[in-house]
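A closer look at the structure
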Amino acid sequence: MQASSWQVYGTELHSRLFIGTALYSSPQVMIDAIKASQSQVITVSLRRQIPSQAASSNQFWQLIQSLNCHLLPNTAGCYSVEEAVKTARMARELFETDWIKLEVLGDSYNLQPDPFALVEATQILVSEGFKVFPYCTDDLVLCQKLADVGCEVLMPWGAPIGTGQGLINPYALETIRKRLPELTLLVDAGIGKPSDAVQAMELGYDGILLNTAVAEALEPAQMASAFAQAINAGRLAYEAGVMPKRDNAKPSTPTLDQPIWQQHG
């Protein structure tokens, strides 16, 4: 069974997995993993190329185009509002899309977003017609501020990028889900294994964006398939309605109207 389809900025999607294109051991491994993931959205980043890299760059983009997926350009590696906005504008021109995964980093150790710069850059890009996917922390107030300036989609982290720590603060993520029920929410960063993705989906998140967990697996295509199934299972569980936790045991076999056996001497 497949979980229900969903919409992201008016685009209908069936897969709830967004997948990245970095860190793979070869272009073919990347292609195989993306196909196995069944993802309809792939993230790409602008890289400043030197002339000697032009041929390989063209081959890379030909492979990306062959996948026939929606592209989500990102502003990876930007540490200021000015740099992020400039990169977003370049990405829109190059990839011919208003979608942008907005990253404005504030710390090089854990690649944590700068919340103040992120809100400022988001406001500028929304005013210019961009459909912004901000990469943010699991801070509720920050998420509310991003929603206030026009974001329909938010992407709070599960843990710092590339750490594979999973959901380090499920309570914070669940609070965001409850407080912002009208927004589309994806967990972006920190996912290490399929069970992490299941946990996020069971909290009511709409999707998962990941890269490292697949790209650095021993068998990336197999891991991508595992994530696809896990995300679907987590969403199905959420849609089905997970039973509440209880402090006391509750028998699963009722005793009412059951025969009573008596031993006669």
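Scope of this entry: the structure provided in the associated data block. Everything numeric in this text was worked out from a predicted model, so none of it was measured.

On to the overall build of the chain. The helix and strand inventory of the chain stands at nine helices and ten strands. For the chain, the spread of C-alpha atoms along the three principal axes comes to 100 × 40 × 35 Å. A total of 265 residues make up the chain; the buried ones form 46% of that total. If you sum the accessible surface of the chain, you get close to 14,400 Å²; carbon and sulfur atoms cover 50% of it. Looking at charge distribution, the chain has the averaged site of its 18 positive side-chain charges lying 2 Å from that of its 27 negative ones.

On inspection of all chains with the given rule, the structure shows six aromatic pairs. Ring geometry for tyrosine 9 against phenylalanine 133: centres 5.2 Å apart, planes inclined by 70°, an arrangement best described as edge-to-face. Pair noted here: tyrosine 9 is in the loop between β1 (6-8) and β2 (11-13) and phenylalanine 133 is in strand β7 (residues 131-136), with a separation of 124 residues, a long-range link. Since its relative accessible area comes to 0%, phenylalanine 133 is described here as buried.

Counting 71 residues, the largest nonpolar core has Val8, Phe18, Phe133 and Ile208 as its most contacted members. It is helix α3 (residues 81-95) that provides the largest number of residues to this core, a total of six residues. When sequence neighbours within four positions are dropped, the list of residues in contact with isoleucine 208 reads Arg16, Leu17, Phe18, Leu186, Val187, Ile191, Ala197, Ala200, Met201 and Ile231.

Conventions we followed
- Per chain, residue numbering runs from 1 following the sequence as it is written.
- Thresholds applied to this predicted model are a pLDDT of at least 70 for local features of residues and 80 or more for the giving and counting of side-chain atom pairs; totals over whole chains, interfaces and linings are not thresholded and use all residues.
- For side-chain calculations, the full set of non-hydrogen atoms in the structure is used, while hydrogens and water are omitted.
- Going along the chain from the N terminus, every DSSP run of H or I of four or more residues is numbered as a helix, and every run of E of two or more is numbered as a strand.
- Relative accessibility decides the category of a residue: with a 1.4 Å probe and only protein chains considered, values under 20% of the type maximum give buried, values over 50% give exposed, and everything between is partly exposed.
- The Shrake-Rupley method, run with a 1.4 Å probe sphere, supplies the accessible areas, and residue values consider only the shown protein chains as cover.
- Asp and Glu count as negative and Lys and Arg as positive, but His and the ends of the chain are not part of the count.
- Note that the charge is assigned to NZ on lysines, CZ on arginines, CG on aspartates and CD on glutamates.
- Each Phe, Tyr or Trp ring (for Trp, its six-membered ring) is paired with any other whose centre lies within 6.5 Å, and the angle between the two planes then decides the class: stacked below 30 degrees, edge-to-face above 60, tilted in between.
- Put simply, buried Ala, Val, Leu, Ile, Met, Phe, Trp, Tyr and Cys residues joined by side-chain atoms within 4.5 Å make one nonpolar core.
- In this description, contact between two residues means that some pair of their heavy atoms is separated by no more than 4.5 Å.

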